[in-house]
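Descriptive analysis of the structure
Chain by chain, the residues run as shown.
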2 protein chains.
Amino acid sequence: MDFTLHPRLAAGTFELGHLGICRVLLKNQSLFPWVLLVPEVEEVEDLHELALADYQAVMSAIREVSLFVADYFKPEKLNVASIGNQVRQMHVHIVGRSTADPAWPGTAWAFDGKASYSAEQVEEIRSAASAALNLE
Amino acid sequence: MDFTLHPRLAAGTFELGHLGICRVLLKNQSLFPWVLLVPEVEEVEDLHELALADYQAVMSAIREVSLFVADYFKPEKLNVASIGNQVRQMHVHIVGRSTADPAWPGTAWAFDGKASYSAEQVEEIRSAASAALNLE
C-alpha cells in the first residue's frame, strides 16, 4: 500500500500495529494514555467523507481501541476526537483521562506538558495492545 | 422517556429535534456552526460503554449531522469530539471550522469568544436541519 504517514504524526509516536484499515499509534506521552488511529486513506480529511463501509470500520476500530484503553489503563474518562486543524491527514485521538492527571479538566490538545515512556513501557503497552486487539 | 438534559448542556443551546436515540442541539455560537448530539442514555458516560446497537446508532447520527453541517455551512474542516470532562452527561460535539474563524487553528473548546445567533438565524438553521435530517 502506498500510504504515507504524515511526518508530524510519525514524530513522537510509536507504531503499535494495524487494526482494520487503521494504523494504530501510541503517542509518546506517559502523562495519560493517548492512542491515535490513522485510517489509511489518502483522499479525504474528515470522517463523514469516508465511504460508508470505511466509516463503519473506523468507528468499530475506535470502539475496540477505547475498550482496550479503558480496560488496560483504567482511566476515569475517555476523550475521543477527530480534529486535524493543524495536521490534515485524517486521525482520531483516543485519550484516557483522570481527575488526577496534570491537564484535567482541560483537553489533552491544549496541554503542553510532556513525559516520555521508557522503551520497556512501550514494549509492555505494544504487547498488551497487540494481544487484546489482535493487531497486525 | 425519563431523560433529563444536563442544565449546562441546555444552557446556551437550542433544541433542533431528535435523530435516532440522540437529542440534537445547536450551540448558540454564531462564530462557527456547532451541533451537539446527546444520546438519551442515563447509565454510561463514554461512547464505548454503549451497547453495540446504541453505539452504531450514535455513530450513524454523527455521520448524518456531519454531512448536514458540511453541506449547509460549508466549513473547511469538521472537528468531532466526545470529551465530557466537565459535563459528564454523554455528548458529542460536531463543529464546522474554517481557517478564517476566530479560533483557528485552536479548538473550539479552548476558545472564549462568543456571538449569539438571532432568532431568525436559529429558525433558518432549525428548518434546514429538520428537513435534511428528518428530525423528530
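What counts and what doesn't
Residues numbered from 1 in each chain as written. Chains lettered and ligands numbered in written order. Predicted model: local features only at pLDDT ≥ 70, side-chain atom pairs only at ≥ 80, totals over all residues. Heavy atoms only, no water. Helix = DSSP H or I, 4+ residues; strand = E, 2+ residues; numbered from the N terminus. Least-squares fit on C-alpha atoms with pLDDT ≥ 70 in both. Contact = heavy atoms within 4.5 Å. Pairing = 2+ DSSP bridges. Axes fitted to C-alpha atoms, helices over the stretch in contact; angles between N-to-C directions. Salt bridge = Lys/Arg side-chain N within 4 Å of Asp/Glu carboxyl O. Buried < 20%, exposed > 50% of the residue type's maximum accessible area, 1.4 Å probe, protein only.

Re unusual backbone geometry
All names here are of chain A. Cis geometry is found at the peptide bond from W104 to P105, where omega equals -5 degrees. Here P105 lies in the loop between β5 (92-97) and α3 (119-133). Not every positive phi belongs to a glycine, and K74 is a case in point at roughly 55 degrees. Mapped onto the elements, K74 comes out in the loop between α2 (52-73) and β4 (77-82).

As for the relation of the copies chain A and chain B
Of the transformation superimposing chain A on chain B, the axial component is 0.0 Å and the angular component is 180 degrees, with the fit at an RMSD of 0.0 Å. In symmetry terms, the pair is related by a two-fold rotation axis. No C-alpha of chain A approaches the rotation axis more nearly than that of A:A81, which lies at 2.0 Å. Interface overlap between copies is the fraction of interface residues in one copy that are interface residues in the other; for chain A against chain B it reaches 100%, indicating a shared surface.

Brief notes about the sheet that holds β5(A)
Taken in spatial order, the 10 strands line up as β1(A)-β2(A)-β3(A)-β5(A)-β4(A)-β4(B)-β5(B)-β3(B)-β2(B)-β1(B) in an open sheet, and their pairing is antiparallel. Unpaired on one side and paired on the other, β1 (13-19) of chain A together with β1 (13-19) of chain B mark the two borders of the sheet. Averaged over neighbouring strand pairs, the angle between their axes works out to 20 degrees when direction is ignored. Running at roughly 10 degrees to β1(A), α3(A) makes contact with β1 and β2 (22-27) of chain A of the sheet.

A short note on the pattern of salt bridges
Residues and elements named next belong to chain A. Within this structure, the stated rule accounts for 14 salt bridges over all chains. Two residues, R88 and E45, come together in a salt bridge whose shortest N-O distance is 3.0 Å. With a gap of 43 residues between them, R88 in the loop between β4 and β5 and E45 in the loop between β3 (34-39) and α2 connect regions that are remote in the sequence. Assessed through its relative accessible area of 29%, E45 is described here as partly exposed. Residues R97 and D101 are paired through a salt bridge, measuring 2.8 Å at the closest nitrogen-oxygen approach.

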